[in-house]
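Tertiary structure, described
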Amino acid sequence: MENGTTRVTMTKFWQEHSEQATVEEMMLDSNAKIISREEVPEILATLPALGGLRVLELGAGIGRYTQHLVKVASQVTAVDFMQKFLDKNKEDNGHHGNAEFLQADAMQLDFPKNSFDLVFSNWLFMYLSDTELLSLAGRMLDWLSPGGFLFFRESCFHQSGDSDRNFNPTLYRSPSQYNHLLTSVEQDDPASGDAQGSGFEIVMNKSVQTYIKMKKNQNQLCWLLQKVRRNCSANQGFATFQQFLDSQQYSRRGILRYEKIFGRGFISTGGARTTEEFVDMLALNPGQRVLDVGCGIGGGDFYMARKFGASVLGIDLSFNMVEIAMERSVEENLPSVQFEVGDATRRLFPECSFDVVYSRDTILHIADKLALFKQFYLWLKPGGKLLISDYCCGEKPWAPAFQDYVKQRGYILYTPPQYGKFLEEAGFGRVRAEDRTAQFVEVIKEELGRAETLREEFIQEFSEEDYSYIVKGWREKLQRCEQGDQRWGLFYAERL
């Protein structure tokens, strides 16, 4: 569809659905008031602290969110291309001295560089073509200050509202299409003299829980992205670390072949057996809140919810991991387990949000482990528990083959004692740092035996090449452990 035709069609569509300027028209749903009461607080809770921020609100409508943004932000510029919606918004919120209202098509907007700290968009991008969205994304990068945020929310795959529509020009993209479009745009800054530009990186992407609860609909999704300087050399030549993960080690095929060896639902060492051993150490109680950092495809989260009645939020930077986890969650039917694409180093949670932070073989990807552990400490309630298993290393110098392996995977490794010291520096008490390499070796040998048993089935499902890759990788792990370079650590700590 040509861009000019797109704008005309979208304008006609919303002219038909803005006659009365009601919340039902704006949300295209007869139950809009009920949904909105639960949805608005949920969405606001995903935003960074708004105090002092300059906010651009795109698709502001009648002001469902404007009324909340203006109470905290230093300045709010509310934009909508339907005059009746904007008039209603201005009538209700125009008395705030920090609010400006613009009737405009988002594609015609123009602001100076670094004008805003947050761009907030609700149900707008699905009315733009791919070309239009890419153009707008580039301009939003210009408008945002360094480190600024973009929040957006869209309907994916199919419509959610029950309103009658004579025609429906909405583009129901998949979440992966939004991820690709928004992170593919880069802003050059010749004045800085830096060859690397700025781009968006995903802080969080999740389903809107209100729609799951009220409509059993997982296809309302929201994102929080941050404008950051690009560093392709740190991401093995990829624009973002997420792209590196999902294109290399954690491609969908790569994940599923790991699962074939670790067991259904698991992609970390020992599968269900080590998960049960480690989770049982936490003595979970019903209703306790668990944050699983690097949740993979969700096997451990389903176990915690099913056996202990815990409420679990699993986050993973790999979109492929979370996509599979969400597919499995439909089968598991455990509403107390939620998943989101999230960057633990950028994600924001209120202090004292969780009873447990749990992570399996994930933090090896994160450079500043001390900063992350300090965040874990703040997110835990007093008395909260932290349990981590992770790849570690022996003392340097390392064998050249191990150095190459660590570089190719993008790992940042420390010895188990160094890991434990980071936890103590972060403020944790009752820290236990255990070298579990002997257990790691035992498990790998068992998994190699299972791989041999499953050989024909594995090859039929994947390929001979995939089978050889897995077996070779496991044997190389054994060799690295025997040489003393690769270690495996288990870490327990508490916020006292």
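Cut-off values and rules
- Residues numbered from 1 in each chain as written.
- Predicted model: local features only at pLDDT ≥ 70, side-chain atom pairs only at ≥ 80, totals over all residues.
- Heavy atoms only, no water.
- Buried < 20%, exposed > 50% of the residue type's maximum accessible area, 1.4 Å probe, protein only.
- Helix = DSSP H or I, 4+ residues; strand = E, 2+ residues; numbered from the N terminus.
- Contact = heavy atoms within 4.5 Å.
- UniProt positions renumbered as here; feature names shortened; annotations may be inferred.
- Axes fitted to C-alpha atoms, helices over the stretch in contact; angles between N-to-C directions.
- Parallel < 35°, antiparallel > 145°, perpendicular 65-115°, else oblique.
- Left-handed = near helix turned anticlockwise from the far one by under 90°.
- Nonpolar A, V, L, I, M, F, W, Y, C, P; charged D, E, K, R; others polar.
- Salt bridge = Lys/Arg side-chain N within 4 Å of Asp/Glu carboxyl O.
- Core = buried A, V, L, I, M, F, W, Y, C linked by side-chain atoms within 4.5 Å.
- Disulfide = S-S within 2.5 Å.
- Phe/Tyr/Trp six-rings, centres within 6.5 Å; stacked < 30°, edge-to-face > 60°.
- 1 Å grid on protein atoms, 1.4 Å probe; cavity = no way out; pocket = protein on both sides within 12 Å on 5 of 7 lines; lining within 4 Å.
- Points joined across faces, edges and corners; volume = space filled by probe spheres on them.

1. Things to note about helix H12 (residues 299-308)
For H12, the buried fraction is high: eight of the 10 residues fall into the buried class. Three or more residues of H12 are buried, namely Gly299, Gly300, Asp301, Phe302, Tyr303, Met304, Ala305 and Phe308. Those residues of H12 that are buried lie in contact with helix H11 (271-280), strand E9 (289-293), strand E10 (311-316), helix H13 (319-332), strand E11 (337-342) and strand E12 (354-360). Two residues or fewer past H12, Gly309 is found with a positive phi of approximately 75°.

2. Concerning the UniProt feature "domain: Methyltransferase" (unreviewed entry) in the protein
Using the residue numbers shown here, the UniProt feature "domain: Methyltransferase" (unreviewed entry) corresponds to residues 55-148 and 290-384. Taken end to end, residues 55-148 comprises 31% helix and 29% strand; its first and last C-alpha atoms sit 10 Å apart.

3. Brief notes about the packing of helix H10 (residues 252-262) against H13
Running from N to C, H10 and H13 cross one another at 60°; their axes reach a closest spacing of 9 Å. Here H10 is positioned oblique relative to H13, judged by the angle of their axes. The way H10 lies across H13 gives a crossing that is right-handed. Between H10, through Arg252, Ile255, Leu256 and Glu259, and H13, the contact on the second element is made entirely by Asn320, Met321, Glu323, Ile324, Glu327 and Arg328. Grouping the constituent residues of the contact of H10 with H13 by class yields four nonpolar, one polar and five charged.

4. Some points on the pattern of salt bridges
Applying the stated criterion across every chain, the model contains 35 salt bridges. The salt bridge partner of Arg455 is Glu464, with a shortest N-O separation of 2.8 Å. The class for Arg455 is partly exposed, based on a relative accessible area of 26%. Looking at Glu464, the relative accessible area reads 39%, which means it is partly exposed. Ionic contacts of the salt-bridge type, sharing partners, join the residues Glu277, Arg432, Glu434 and Arg436 into one network.

5. Some thoughts on the nonpolar core
In this structure, Phe125, Met140, Leu150, Tyr178, Leu182 and Leu284 are the most contacted members of the largest nonpolar core, which totals 137 residues. If we ignore the near neighbours within four places in the chain, the residues touching Leu284 are Val279, Val290, Met304, Phe308, Ala310 and Val356.

6. Some words on the state of the cysteines
Inspection of every chain in the model, using the stated rule, returns zero disulfides. Cys222 provides the cysteine sulfur closest to Cys295, a residue in no disulfide bond, and the two sulfurs are 16 Å apart. With no disulfide of its own, Cys393 has Cys392 as its nearest cysteine by sulfur position, at a separation of 7.0 Å. Judged by its relative accessible area of 4%, Cys393 falls in the buried class.

7. Examining the environment of Leu124
Mapped onto the secondary structure, Leu124 falls in the loop between strand E4 (116-122) and helix H6 (130-143). Placed 13 residues apart in sequence, Leu124 and Phe111 show a C-alpha to C-alpha distance of 18 Å. Beyond its immediate stretch of four places on either side in the chain, Leu124 contacts Leu58, Ala106, Leu136 and Glu154.

8. Points about helix H14 (residues 369-379)
Where H14 is concerned, the buried positions are Lys369, Leu370, Leu372, Phe373, Phe376, Tyr377 and Trp379. Next to the buried residues of H14 lie E9, E12, strand E13 (380-393) and helix H16 (416-425).

9. Topic: the packing of aromatic side chains
Evaluation of the coordinates by the stated rule reveals 31 aromatic pairs. Aromatic side chains Phe373 and Phe376 sit 6.1 Å apart centroid to centroid with 40° between the ring planes, which places their arrangement in the tilted category. Within this pair, Phe373 and its partner Phe376 are both found in helix H14, separated by three residues, close to a single helical turn. Seen from their ring centres, Phe440 and Trp488 are 5.5 Å apart, and the 35° between their planes marks the pair as tilted. You can see Phe440 sitting in helix H17 (residues 437-453) and its partner Trp488 sitting in strand E15 (residues 486-494), a full 48 residues away along the chain.

10. Concerning empty space enclosed by the protein
According to the stated counting rule, one finds two cavities of 30 Å³ or more in the structure shown. Size it by volume and the largest cavity reaches roughly 330 Å³. What lines the largest cavity is a set of 23 residues, and nearest its centre among them are Gly59, Ala60, Asp80, Asn122 and Trp123. Those elements that place two or more of their residues in the lining of the largest cavity are helix H1 (3-16), strand E1 (54-58), strand E2 (75-80) and E4. For the lining of the largest cavity, the class distribution of residues is 15 nonpolar, three polar and five charged. Looking at the second largest cavity, its volume works out to about 140 Å³. Along the walls of the second largest cavity sit 18 residues, with Met27, Leu28, Trp123, Met126 and Ser155 positioned nearest its centre. Of the residues that constitute the lining of the second largest cavity, the class distribution is nine nonpolar, six polar and three charged.

11. A closer look at the environment of Lys407
Along the chain, Lys407 falls in helix H15 (residues 400-409). On the accessibility criterion, Lys407 (63% relative accessible area) is exposed. Separated by 192 residues in sequence, Lys407 and Lys215 place their C-alpha atoms 46 Å apart.

12. Some details on unusual backbone geometry
Pro397 follows Lys396 through a cis peptide bond whose omega is 5°. Along the chain, Pro397 falls in the loop between E13 and H15. Phi angles above zero are rare outside glycine, and Trp123 is one such case at about 55°. The residue Trp123 is located in the loop between E4 and H6 in this model. Even without being a glycine, Phe157 presents a positive backbone phi close to 70°. Relative to the helices and strands, Phe157 resides in the loop between strand E5 (144-155) and helix H7 (175-184). The class for Phe157 is partly exposed, based on a relative accessible area of 49%.

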